[in-house]
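# Breakdown of the fold
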Amino acid sequence: MPVRNEAWPPGTPCWVDCQVDDPVKAGEFYGALFGWDLQGGGEDSGGYLMALHAGQAVAGIGPKPEVGVPSVWTTYFAVADADKSAEQVTAAGGTLLVPAFDVMEFGRMFVAADASGAPFAVWEARAHDGAAVYNEHGSYVWNDLHTGDLDAAKRFYGEVFGFTFTEFDDENMRYATFTPPGGSEAVGGINDDSVNGVAAAQPYWLSWFQFQDIDSGLTRAVELGATVLMSATDGPFGRMAIMAAPQGELFGLLDPTTSVAD
């Protein structure tokens, strides 16, 4: 099992967490689906739960910042300087939703919306590096932006994080993976939802979790109260499915060990 014990390189998706009405019930759902152990949730942490996989931090679950907003998973990008990154976001046409602030001794962060309105967050690591477990059953394995304007998204994230992009383009899909400066491998992607005329009204980042048997994972998730939005499908990156958890937040399951090429 890969375990990371140092800060992630700048521009890498380094953490995911969800904001829901009832973090405890969400923890029960994801704990049963992924085998997570949940810790925290007290007043000192603002009700925030830390999800552990094999004893290592993998994701967070917390209360919504205000009543009435949708339940969501949020993708965090590693940065060396959150304040400088915030300036780059606004210079590129984004909006700060929550200005940079310190999270006790653990790190510094902010929440923003890109130029199209898709929310994301950044994390400047201090005592907490981000996810220690990744690319493993029950941990996040991929994050991608779903948008109706891939070119505009590439401009924004290229300016903010210095990404380089590799495009995959056919009649059914227009998709670009991104690689941070100095990196040799793609760490996420941007999906052009407008290819089939089904672009979401609100662009969003989708968190994908690795699962060894997608079909059994879907069955279990439905038993636990989830709704399947995209049935298990074989694709170039593996077998995948998308669903909504009982409180409405979207997430994906991905088994990268299988693909249409296999």
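Residues numbered from 1 in each chain as written. Predicted model: local features only at pLDDT ≥ 70, side-chain atom pairs only at ≥ 80, totals over all residues. Heavy atoms only, no water.

## Considerations on the overall build of the protein chain
As a reminder of what qualifies: Numbering of helices and strands runs from the N terminus; a helix is a DSSP stretch of H or I covering at least four residues, while a strand is a stretch of E covering at least two. What the globule rule says is 2.2 Å times the number of residues to the power 0.38, and the radius of gyration is computed from C-alpha atoms. Classification of residues uses two cut-offs on accessible area relative to the type maximum, computed with a 1.4 Å probe and protein chains only: under 20% is buried, over 50% is exposed, and between them is partly exposed. Reported accessibility uses the Shrake-Rupley method at a 1.4 Å probe radius. Residues are deemed covered only where the shown protein chains occlude them. Only four residue types enter the charge count, namely Lys and Arg as positive and Asp and Glu as negative; His and the chain termini do not. Note on charges: their place is set at NZ of Lys, CZ of Arg, CG of Asp or CD of Glu.
Counting its regular elements, the protein chain contains four helices and 16 strands. What you see for the protein chain is a C-alpha radius of gyration of 17 Å, in line with the 18 Å of a compact globule of 262 residues. The principal-axis extents of the C-alpha atoms in the protein chain amount to approximately 50 × 45 × 35 Å. Each of the 262 residues in the protein chain was classed as buried or not, and the buried ones make up 47%. When the accessible surface of the protein chain is summed, it comes to about 11,800 Å², and 51% of that surface belongs to carbon and sulfur atoms. Considering the protein chain, the positive charge centre built from 11 side chains and the negative charge centre built from 36 side chains are found 3 Å apart.

## Overview of the sheet that holds strand β8 (residues 119-125)
Heads up, the condition is: Two strands are said to pair when DSSP picks up at least two bridges between them. To define axes, lines are fitted to C-alpha atoms, for helices over the stretch in contact only, and angles between the resulting N-to-C directions are given on a 0 to 180 degree scale. Two residues form a contact once any of their heavy atoms are found within 4.5 Å.
Ordered in space as β2-β3-β4-β1-β5-β8-β7-β6, the eight strands form an open sheet in which the pairing is mixed. Both outer strands of the open sheet, β2 (37-40) and β6 (95-103), are each paired with one neighbouring strand and no more. When strand polarity is set aside, the average angle formed by the axes of neighbouring strands in this sheet is 25°. Alignment of strand β1 (residues 13-20) against strand β5 (residues 72-78), held across six bridges, turns out to be antiparallel. Directly across from Q19, in β5, lies its bridge partner V72. Along the sheet, helix α1 (residues 23-34) makes contact with β1, β2, β3 (49-53), β4 (56-63) and β5, crossing β4 at roughly 150°.

## Re the packing of aromatic side chains
Defined as follows: To pair, rings of Phe, Tyr and Trp, with the six-membered ring standing in for Trp, must have centres within 6.5 Å; the planes then decide the type, stacked if under 30 degrees apart, edge-to-face if over 60, and tilted in the middle. Charge-over-ring contacts are defined here by two conditions on Lys NZ or Arg CZ: a distance within 6 Å of the ring centre and an angle within 35 degrees of the ring normal.
Using the criterion set out here, one finds 34 aromatic pairs in the structure. Ring geometry for W8 versus Y134: centroids 5.0 Å apart, planes at 80°, classification edge-to-face. One end of the pair, W8, is in the segment before β1; the other, Y134, is in the loop between β8 and β9 (140-147), with 126 residues separating them in the sequence. Judged by relative accessible area, which is 13%, W8 ranks as buried. Of the aromatic side chains, those joined through ring pairs into one cluster are F77, F120, F156, Y157, F161, F163, F165, F178 and W205. Directly above the aromatic system of W8 lies the positively charged group of R4, at a separation of 4.6 Å from the ring centroid.

## Points about the pattern of salt bridges
Opposite charge on two side chains makes pairing possible when the charged atoms of those side chains draw close. The following threshold applies: One speaks of a salt bridge when a side-chain nitrogen belonging to Lys or Arg is within 4 Å of a carboxyl oxygen belonging to Asp or Glu.
Tallied over the full model, the rule gives twelve salt bridges. In this structure, the salt-bridge partner of D83 is R108, at a minimum N-O distance of 2.9 Å. Residue D83 is found in helix α2 (residues 82-91), and its partner R108 is found in strand β7 (residues 107-113); the two are separated by 25 residues along the sequence. Residue classification places D83 among the partly exposed positions, given a relative accessible area of 37%.

## A word on the side chain of Q210
On the secondary structure map, Q210 appears in strand β13 (residues 204-210). Q210 has contacts with N135, E136, H137, G138, S139, V141, L254 and P256, leaving out every residue within four places of it along the chain.

## Some words on a nonpolar patch on the surface
For clarity, the cut-off: To count toward a patch, a residue needs a relative accessible area over 30% and no salt bridge; like charges are then connected within 9 Å, while nonpolar side chains (Val, Leu, Ile, Met, Phe, Trp, Tyr) are connected within 5 Å.
The grouping of L97, V98 and F101 at the surface amounts to a nonpolar patch, some 230 Å² of accessible area in total. Take F101: it is sitting in strand β6. By relative accessible area, F101 is classed as partly exposed at 33%.

## Remarks on the environment of Q19
Selection rule: Pairs of N or O atoms are called polar contacts if they sit within 3.5 Å, as long as, within protein, a hydrogen donor faces a hydrogen acceptor (for residues adjacent in sequence, only side-chain-to-side-chain pairs).
Relative to the helices and strands, Q19 is located in strand β1. As a C-alpha pair, Q19 and P63 span 44 residues in sequence and 5.1 Å in three-dimensional space. If we skip the residues at most four places from it in the chain, Q19 touches G62, P63, K64, P65, P70, S71, V72 and T74. One polar contact links Q19 to D17, side chain to side chain, over a distance of 2.6 Å.

## Some details on unusual backbone geometry
Despite not being glycine, A54 has its phi angle at roughly 55°, a positive value. Along the chain, A54 falls in the loop between β3 and β4. One non-glycine residue, N135, adopts positive backbone phi at about 50°. Here N135 lies in the loop between β8 and β9. Take N135: its relative accessible area is 39%, and that puts it in the partly exposed class.

Shape is all these values report; function is a separate question.
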